[in-house]
Amino acid sequence: MITRPSRDGALARPRALTLSAVPLAALLAVVGLAPLPYSVARPGQTTNVLGKDGSAEVISISGAPVRGTSGQLRMVAIMATAPRAEIRLGDVIDGWFRTDRAVMPKDSVFPAGMSDTKIAEHNLAEMKSSQDAATAAALRYLKKDPDRVKVTLKLSDVGGPSAGLLFSLGIIDKLDGDGSGGDLTGGRKIAGTGTIAADGTVGAVGGVALKTQAAERDGASAFLVPKAECSTAQATAGGLRLIPVTTLKGAVEALRALAKGGSVPSC
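Everything quoted here is computed from the prediction, not taken from an experiment.

K.L.:
Quick question: what am I supposed to make of the pattern of salt bridges here?
P.N.:
Side chains bearing opposite charge may pair, as long as their charged atoms lie close to each other. According to the stated counting rule, one finds eight salt bridges in the structure shown. We note a salt bridge from Lys-174 to Glu-57, for which the minimum N-O separation is 3.3 Å. Taken as a pair, Lys-174 in helix H5 (residues 164-176) and Glu-57 in strand E3 (residues 56-57) lie far apart in primary sequence, 117 residues in all. Here Lys-174 falls in the buried class, since its relative accessible area comes to 7%. One connected set of salt bridges, linked through shared partners, spans Arg-67, Asp-173 and Asp-183.

K.L.:
Sorry, what's going on with helix H4 (residues 116-142) here?
P.N.:
Given 3.6 residues to a turn, an α-helix orients residues that are three or four positions apart in the same direction. An ideal rise of 1.5 Å per residue puts 39 Å on 27 residues; H4 measures up with 39 Å between its terminal C-alpha atoms. Within H4, the full set of buried residues consists of Ile-119, Met-127, Ser-130, Gln-131, Ala-133, Ala-134, Thr-135, Ala-137, Ala-138, Leu-139 and Leu-142. Contacts from the buried residues of H4 go to strand E7 (150-153), H5, strand E9 (195-196) and helix H8 (248-260). Trailing H4 by a residue or two, Lys-143 shows a phi angle of about 60°, which is positive.

K.L.:
So what exactly am I meant to see when it comes to the state of the cysteines here?
P.N.:
Formally, a disulfide is one covalent bond, and it connects the sulfur atom of one cysteine to the sulfur atom of another. Tallying each qualifying case throughout the model produces one disulfide. Here Cys-230 connects covalently by a disulfide to Cys-267, the sulfurs 1.9 Å from one another. The disulfide joining Cys-230 to Cys-267 has a torsion of about -65° about its S-S bond and is therefore left-handed. With Cys-230 in helix H7 (residues 230-234) and Cys-267 in the segment after H8, the pair connects residues that are 37 residues apart, well separated along the chain. Accessibility expressed as a relative area gives 31% for Cys-267, which makes it partly exposed.

K.L.:
How should the sheet that holds strand E11 (residues 222-226) be read in this particular structure?
P.N.:
Paired through their backbone hydrogen bonds, the strands of a sheet run either parallel or antiparallel. Pairing in this open sheet of six strands is mixed, and the strands run E6-E1-E5-E8-E11-E12 from one edge to the other. The open sheet has two free edges, formed respectively by strand E6 (102-105) and strand E12 (241-245), since each of these has just one partner strand. When strand polarity is set aside, the average angle formed by the axes of neighbouring strands in this sheet is 35°. Sheet topology note: the strand E1 (residues 38-48)/E6 ladder contains four bridges and is antiparallel. Among the inter-strand pairings, Ser-39 is bridged to a residue of E6, identified as Met-104. On the sheet, H5 packs against strand E5 (72-80), strand E8 (189-192), E11 and E12 and is oriented at approximately 160° with respect to E5. Strands in contact with H8 are E5, E8, E11 and E12; relative to E12, the strand with the most contacts, it is inclined by about 150°.

K.L.:
Explain the packing of H5 against H8 here, please?
P.N.:
How two helices sit against one another is set out by the angle between their axes and by the gap between those axes. Running from N to C, H5 and H8 cross one another at 60°; their axes reach a closest spacing of 11 Å. With respect to H8, the element H5 is oriented oblique. As for the relative orientation of H5 and H8, their crossing is right-handed in sense. Contact residues: Leu-165, Ser-168, Leu-169, Ile-172 and Asp-176 in H5; Leu-248, Ala-251, Val-252, Leu-255 and Arg-256 in H8. Residues that form the contact of H5 with H8 fall into these classes: seven nonpolar, one polar and two charged.

K.L.:
Explain the environment of Pro-83 here, please?
P.N.:
Within the secondary structure, Pro-83 is located in the loop between E5 and helix H2 (89-96). For Pro-83, a relative accessible area of 12% translates into the label buried. The sequence separation of Pro-83 and Asp-116 amounts to 33 residues, and the corresponding C-alpha distance is 6.4 Å.

K.L.:
Honestly, the packing of H4 against H8 in this entry has me stumped. Any pointers?
P.N.:
For the pair H4 and H8, the least separation of the axes is 10 Å and the interaxial angle reads 65°. As the angle between them shows, H4 and H8 are arranged roughly perpendicular. Handedness of the crossing formed by H4 with H8: right-handed. Within the contact between the two elements, H4 uses Ala-137, Ala-138 and Tyr-141 and H8 uses Leu-248, Lys-249, Val-252 and Arg-256.

What counts, and at which threshold
Residues numbered from 1 in each chain as written. Predicted model: local features only at pLDDT ≥ 70, side-chain atom pairs only at ≥ 80, totals over all residues. Heavy atoms only, no water. Salt bridge = Lys/Arg side-chain N within 4 Å of Asp/Glu carboxyl O. Helix = DSSP H or I, 4+ residues; strand = E, 2+ residues; numbered from the N terminus. Buried < 20%, exposed > 50% of the residue type's maximum accessible area, 1.4 Å probe, protein only. Expected span 1.5 Å × (residues − 1). Contact = heavy atoms within 4.5 Å. Disulfide = S-S within 2.5 Å. Pairing = 2+ DSSP bridges. Axes fitted to C-alpha atoms, helices over the stretch in contact; angles between N-to-C directions. Parallel < 35°, antiparallel > 145°, perpendicular 65-115°, else oblique. Left-handed = near helix turned anticlockwise from the far one by under 90°. Nonpolar A, V, L, I, M, F, W, Y, C, P; charged D, E, K, R; others polar.

Take it as geometry only, folks, not as evidence of what the structure does.
This is the structure:
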């Protein structure tokens, strides 16, 4: 035997669904307006470490002859929304669908529990540590006495350790070039990223997909990338030639080969 629902019963379910949609819509509205714990990053500035920052040389050296250079070695930065910036659902959705934006948990970009001032101080301390390691790695590679050769590195408005590799290469180019009287860059505009340890080990940095876009935008023809981040860089490399590196020595050898038209590693 088959029974039919009463008129009241037939209306009960649609009404329940309609009523339950009210708090859901309210919830979505609240989520859309509420700040979320994310930061949105985009391609930032590139700076030629062989050139000047304002009126001062980025790399200043005393205690050893310094050679003139041509070409450029451009370190690359990303720009992220400020730690206290309010990121909404719309910003996150927009960032997820754009290749020139990256949405990241705020804690992965900025140290948790710090004020904006403390975060800025932390980033500058990381940059100073990176510069010290870059100097040590370059002088060690060149077998120069750090007690006699003094290097000063200056780069305003940029924090963090990711310019280490480019600083080391800049020091080497200014002191030794390609080792045979030519420029380490071969006169090209080379960009790149990577941390550096005092022993010359190159480390991954993050944000590579945005940095390749900044490098290509500013006219670089090749990009030095930590080998572990090759696949990430490939997605947005465009016309850049990607050169994977794991050590300072390997980076120097790759640039020498590039300048002479030799065999160069690639991602």
